[in-house]
Amino acid sequence: MGVPVAKNEIRAIARSIAQELHKELEKDSTRPAFFQALAGQLRQFFEYDRLCINLYDPHSDLLSYFSAAAGTVVNSLSPVRKAEKDTVAGHVIASRKPVVITDIAQHFTESMLHPMAEAGLTTTMAFPLVLNDNILGTLHCSFVRQPEDLYSIMKLFLELCPSVAVCLGAVLSVEGHGQDGASNPFEPAVPPVDCDDFIFVDETMRHFMYRVNTVARLDVPVLLLGETGTGKTHLARYIHCHSKRSKQNFVKVNCPALSPTLIESELFGHAKGAFTGAANKRMGRFELANEGTLFLDEIAELNSDMQSKLLHVIEDRHFERVGESVSLGVDIRLITATNVNVQEAMANRQLRSDFYHRLSVCTLELPPLRKRVEDIPVLARFFVKQLSSTYGMQRIKFKESIMSRLKQHTWPGNIRELRNVINTLLLSYCMTGDVALLDVEEALSNGHAREDAPEIPVAPRVEEVPSPSGPDMSLEEMERRHITEALKRCGGVVSGPNGAAKILGIPRSTLQHRMGRLGISARGA
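Residues numbered from 1 in each chain as written. Predicted model: local features only at pLDDT ≥ 70, side-chain atom pairs only at ≥ 80, totals over all residues. Heavy atoms only, no water.

Participant: Please set out the side chain of Arg285 residue by residue, giving values where relevant.
Facilitator: Secondary-structure assignment places Arg285 in helix H10 (residues 285-288). Among the polar contacts listed, one links the side chain of Arg285 to the backbone oxygen of Lys252, at a separation of 3.5 Å. Residues within four places of Arg285 in sequence aside, it is in contact with Val251, Lys252, Val253, Leu258, Glu266, Leu267 and Leu294. (Helix = DSSP H or I, 4+ residues; strand = E, 2+ residues; numbered from the N terminus. Polar contact = N/O pair within 3.5 Å; in protein donor to acceptor, adjacent residues only side chain to side chain. Contact = heavy atoms within 4.5 Å.)

Participant: Could you give me a rundown of the packing of aromatic side chains, with the residues and numbers involved?
Facilitator: Under the criterion given, the structure shown has 10 aromatic pairs. Taking the centre distance of 6.1 Å and the plane angle of 40° together, the rings of Phe286 and Phe319 count as tilted. Residue Phe286 is found in helix H10, and its partner Phe319 is found in strand S11 (residues 318-320); the two are separated by 33 residues along the sequence. On the basis of relative accessibility, which here comes to 1%, the residue Phe286 falls in the buried class. A relative accessible area of 3% means that Phe319 is categorised as buried. Put simply, the rings of Phe46, Tyr48, Phe127, Phe143 and Phe157 pair up and form one aromatic cluster. (Phe/Tyr/Trp six-rings, centres within 6.5 Å; stacked < 30°, edge-to-face > 60°. Buried < 20%, exposed > 50% of the residue type's maximum accessible area, 1.4 Å probe, protein only.)

Participant: So what's going on with the pairing of strand S8 (residues 222-225)? Which residues, and what values?
Facilitator: In S8, alternate side chains face the same way, and those of Val222 and Leu224 on one face and Leu223 and Leu225 on the other are all buried. Alignment of S8 against strand S13 (residues 333-338), held across 4 bridges, turns out to be parallel. If you follow Leu225 over to S13, its bridge partner there is Thr338. Of the strand pairs in this sheet, S8 and strand S14 (residues 362-365) are connected by 4 bridges, and their pairing is parallel. Directly across from Leu224, in S14, lies its bridge partner Leu364. (Pairing = 2+ DSSP bridges.)

Participant: With reference to specific residues and values, describe the environment of Val384.
Facilitator: If you trace the backbone, Val384 turns up in helix H14 (residues 375-391). Taking the C-alpha atoms as reference points, Val384 and Ile422, separated by 38 residues in sequence, lie 6.7 Å from one another. Dropping the residues within four chain positions of it, Val384 is found in contact with Arg395, Ile396, Phe398, Ile422 and Leu426.

Participant: I'd like a description of the pairing of strand S6 (residues 123-131), backed by residues and values.
Facilitator: In terms of burial, S6 is a largely internal element, 7 of the 9 residues being buried. Alignment of strand S5 (residues 99-101) against S6, held across 3 bridges, turns out to be antiparallel. Counterpart to Ile101 in the pairing with S6 is Thr124. Linking S6 back to strand S7 (residues 134-143) in an antiparallel pair, the connection comprises 2 residues, with Asn132 at a positive phi of about 55°.

Structure below.
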């Protein structure tokens, strides 16, 4: 097995693969089927360790996985992220040229190991997927060991990518508008599902998860109850991942976030010209979730009319797009969630009783964190590891006195609050080199009030540099001022024993990269 060197042979292989992909599309035009066909065809000619396609949305400048990545798992890479020009995919999109990196660890000089290098990958190549002069996305192939025929593999991808782009456009067109619709490759993508397991040791959760695992295998509607922050969305994903629909889409709908005037269009889709601004036909969330799982979060926030319409769709398994009279069948598993007291909500007519009874074939109520105290140390250690890895913070081990204080707290914000508190304590350690009980008390007192506060993306260790922040300051501005203050103290010197990089505790190259991204000049500091 291997890719020939001769140009005509490479072209013949590319044509053969393209023909097989087109045959597969005629049989099954879904994302998983197309991606599996591509992955299988390539593996007939050479071995690789990771393959993925990123979709690109030029309007939001966002990248998202087309389906999923085959092979090596790179946990730290977000399935939806900005197309930053200093990333491989971002550079490919900006330049419209392929990128080949033969030493990932050396190429990225950040203080943290690059996620691909951390996963054991050493070599990667990426190619633009262009259709009608529009970049649909990027195709990536990576290796643990650099293959001997790397140059030939690269030439094969160059020959193949135009055909892959055509197939990709066809898949997205079918998704967005049906077989007879016009192509619109920028329909919102459904990101792959995070299938992480639940973390627990507490006996309460052991009993609860035994029931969850039993229910997950049954194709029945599930209603998730529980306080804010207990992990209902995570549980919904877990159930999907352990169900017979796990290979299909998991589509989440945050009901309160949908505009009352557009919610029907968002859920069921709309025809072209159905209302002002409806320039194209659009798929709704029900269609995106067909044969998979639809998760409706905070269903008690829907108005009574919408609850009634959803009830009919759930019972009949048919719906109509807004502006159309054609009834479309749908096969989904429905998971819903709410943090309200359902009995009170029904008594107050906030929640229709017939709607509730149809949803609650199986009801699972997540226990609050205060009722699973033994899980607090385990979760705290997990969040330390996760946040340290994600944001480049130093990993620490909390003293027993601090862990005991965390176990005593009532956690009104539950697991979300615990995660934010750990984030605050890690930041405190990065700035002072220690975490005291006073820091814990302050984090706990602020934790509930700031339960939904955004996380600080980077917190370099600082020596005697004040943190110039304010309650209304954006995270980017906080980082900009933090670096600017360090540069001022050093007279604009970036490197060396008295430079800003030394004070901030990060490599010179990392500081220069962040200065460039934030538009900071050493002279102007």
